[in-house]
Amino acid sequence: MDKIVIEGGHRLEGTVRINGAKNAALPIMAACLLLNGPSRIKGIPNIDDIHTLSKILENLGGQIKRNTDGTLEITFMDRENQDKFTAPYELVSKMRASICVLGPLITKRHKAKVSYPGGCVIGQRPVDLHIKGIKALGAQIDTTEGYITASADRLKGTELSLKGEHGTTVLGTCNVMTAAVLAEGTTIIEDAAREPEVQDLARFLNKAGAKITGIGESTLTIEGVRELHGVDYEIIPDRIEAGTFMIAGAITRGNITLENVKSEHLTAVIDKLKEIGLEIISVGNTVSVKGNNLYHPIDITTMPYPGMPTDMQAQFMALLCTVEGKSIITEKIFPDRFMHAAELRRMGADIRVEGSCAVIKGVPFLSGTNVQVSDLRAGAGLVLAGLVAKDVTHVHRIYHLDRGYERLEERLSKLGAVVKRVDE
Ligand code: UD1
């Protein structure tokens, strides 16, 4: 197993290019199950979550090829694969997002058997809203023996809401939208997720022949069509990777420029970084982040898009540990998502977690030590903390990080961090 070893205290400077969005790539790849003919998708990052979904799609009869320029070619020969409809436990248990094959399978192959993804360290993560939506379209669903098994003839358009206890659902919206594109008649999804990644999936589907309107709004209207064709598409830049690098610049009081960024997807993140005291300049597809030594504490509440993403919460927590005064983070999406707080405390942070709130008092310095990654974004937060900690930080269990960040340590090194991957 690999670990990342960081010698803290080096100010980051330079330019980094942001990859395509993992969370757009996953549902878009799954949506290729719906298309007749090959698709070429540009900008898909070379990370473990993509490899896991590729295996699931190959099991379902897909042919997947990564070209030297990073474009992924995905082809399904539907007539040969109609009897393949299972996403097995061995693969789904590696990555919860595997659930996004449910919608495409049920509408295109009329059967789906997808392992129940279960909970994970960031919280309970139920799939009741996914099931509610697919059922509303007319599928019969059984959830015994650890699998979601669905069957249907042609689905029928309907009106439904995806509002849950913690707001709407991102992948649930993707599943219902992909199921509805081939349904008979019109589907209206109320309380749909508005995340840029959901919008990207809708644009991809429209390019393939779907009829989706209301993209980016909380009501989506989907007029069912008979078939969809393969397309060439480029996915949006990863706003969470961009936000993570911005905080790498901020926490080291550095000066870095990010290329391939859509700053309009990062409004909540940029506003909070400015409130802390950073200078952020966006020009076209680049964003420059200029740190200093005069930061202010802030309060953050995670919310569905366009609010502060929960996937940036751990990174902000690391930064706020280094800002004098009291900051408060309230987690509204995954109320238990604070596993990284205990590890940051091991580095000398002053964090008190009370229910879904974390109270952070800035400390004069963090100290390097051994820390364990519990989940992808927690790992990003710990690496960021390591960049400013005194002495050396050993970040263990980085397989979580490799799920979502491509060569993170190499890209940080190029910006001046002293960081390496070591086989333990
Ligand atoms: C996606 C993202 C993940 C991000 C999350 C919230 C991908 C691959 N993953 O996950 O990185 O942190 O959005 O922005 O895109 N819920 C229910 N019932 C359901 C589904 C969800 O109650 O059927 C709850 C969840 O427990 C959570 C909230 O709704 O409290 C939001 O979860 P959801 O948007 O579904 O997260 P994912 O789509 O799984």
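Every chain is numbered on its own, with residues counted from 1 as its sequence reads. Local features in this predicted model are restricted to residues whose pLDDT is 70 or higher, and side-chain atom pairs enter the listing and the counts only when it is 80 or higher, whereas totals over whole chains, interfaces and linings include all residues. Excluding hydrogens and water, the side-chain figures rest on all heavy atoms present in the structure.

### Considerations on the pattern of salt bridges
In step 1: Any carboxyl oxygen of Asp or Glu within 4 Å of a side-chain nitrogen of Lys or Arg constitutes a salt bridge here. All chains considered together, the criterion is met by 15 salt bridges.
In step 2: Close ionic contact of Lys156 with Glu184 constitutes a salt bridge, the shortest N to O distance being 4.0 Å. Taken together, the residues span a long stretch of sequence, with Lys156 in the loop between strand E10 (147-151) and strand E11 (159-161) and Glu184 in the loop between helix H7 (170-180) and strand E12 (186-190) at a distance of 28 residues.
In step 3: For Arg239, the salt bridge identified is with Glu197, shortest N-O distance 2.8 Å. Of this pair, Arg239 sits in helix H9 (residues 239-251) while Glu197 is found in helix H8 (residues 196-207), placing the two residues 42 residues apart along the sequence.
In step 4: Note on classification: 1.4 Å probe, protein chains only; a residue is buried when its accessible area is under 20% of the maximum for its type, exposed when over 50%, partly exposed between these limits. On the basis of relative accessible area, Arg239 is assigned to the buried category, the value being 9%.
In step 5: Taking the relative accessible area as the measure of exposure, Glu197 reaches 4% and is therefore buried. A helix here means a DSSP run of H or I that spans at least four residues, while a strand means a run of E at least two residues long, and both kinds are numbered starting from the N terminus.

### Comments concerning the packing of H7 against H8
In step 1: Interaxial angles span 0 to 180 degrees and are taken between N-to-C directions of axes, which are lines fitted to C-alpha atoms, for helices over the stretch in contact. One can describe the packing of H7 onto H8 by two numbers: an axis separation of 10 Å at closest approach and a directional angle of 15°. Here H8 runs roughly parallel to H7, going by the angle between their axes. Like other packed secondary-structure pairs, H7 and H8 cross with a definite hand, here right-handed. Contacts from Val170, Thr173, Cys174, Met177 and Thr178 of H7 reach H8 at Val198, Leu201, Ala202 and Leu205.
In step 2: The nonpolar class holds Ala, Val, Leu, Ile, Met, Phe, Trp, Tyr, Cys and Pro. Asp, Glu, Lys and Arg form the charged class, and all remaining residues, Gly among them, are polar. When the residues that make up the contact of H7 with H8 are grouped by side-chain class, the tally is seven nonpolar, two polar and no charged. Roughly parallel covers angles under 35 degrees, roughly antiparallel covers those over 145, roughly perpendicular covers 65 to 115, and oblique covers all other angles. Should the near helix be turned anticlockwise from the far one by less than a right angle, the crossing is left-handed, and should it be turned clockwise, the crossing is right-handed. In this description, contact between two residues means that some pair of their heavy atoms is separated by no more than 4.5 Å.

### Observations regarding the packing of aromatic side chains
In step 1: Pairs were defined over the aromatic rings of Phe, Tyr and Trp, the Trp ring being its six-membered one, requiring ring centres within 6.5 Å. Orientation was assigned from the angle between planes: stacked under 30 degrees, edge-to-face over 60, tilted for the rest. The tally for this structure, following the rule as stated, stands at one aromatic pair.
In step 2: Geometrically, the ring pair formed by Phe204 and Tyr233 is edge-to-face, given 5.5 Å between the ring centres and 80° between the ring planes. Of this pair, Phe204 sits in helix H8 while Tyr233 is found in strand E16 (residues 232-234), placing the two residues 29 residues apart along the sequence.
In step 3: The buried category is assigned to Phe204, whose relative accessible area is 0%.
In step 4: Look at Tyr233 and you get buried, because its relative accessible area is 12%.
In step 5: The residue whose ring lies beneath Lys113 is Tyr147, and the NZ or CZ to ring-centre distance is 4.9 Å.
In step 6: Each ring is checked for a lysine NZ or an arginine CZ that lies within 6 Å of its centre and within 35 degrees of its normal; such an atom marks a charge sitting over the ring. If you follow Lys390 out to its NZ or CZ, it ends over the ring of Phe365, 4.1 Å from the centre.

### A word on the site of the ligand
In step 1: The environment of the ligand is made up of 19 residues, and the closest members are Asp128, Leu129, Thr169, Asp311 and Ile333.
In step 2: Pairs of N or O atoms are called polar contacts if they sit within 3.5 Å, as long as, within protein, a hydrogen donor faces a hydrogen acceptor (for residues adjacent in sequence, only side-chain-to-side-chain pairs). Contact distances for the ligand include 2.7 Å between an oxygen atom and a backbone N or O atom of Leu129.
In step 3: Separating an oxygen atom of the ligand from a backbone N or O atom of Ile333 is a distance of 2.5 Å.
In step 4: Surface accessibility in these figures is a Shrake-Rupley result with a 1.4 Å probe; residues are shielded only by whichever protein chains are displayed. In isolation the ligand has 730 Å² of accessible area, and contact with the protein removes 90% of it.
In step 5: Those elements that provide at least two residues to the shell around the ligand are helix H6 (128-136) and H7.
In step 6: Of the residues forming the shell around the ligand, the biggest block, three residues, is contributed by H6.
In step 7: Here the residues of the shell around the ligand are counted per class, giving eight nonpolar, six polar and five charged. Residues are classed as near a molecule or strand on a simple rule: at least one heavy atom within 4 Å of it.

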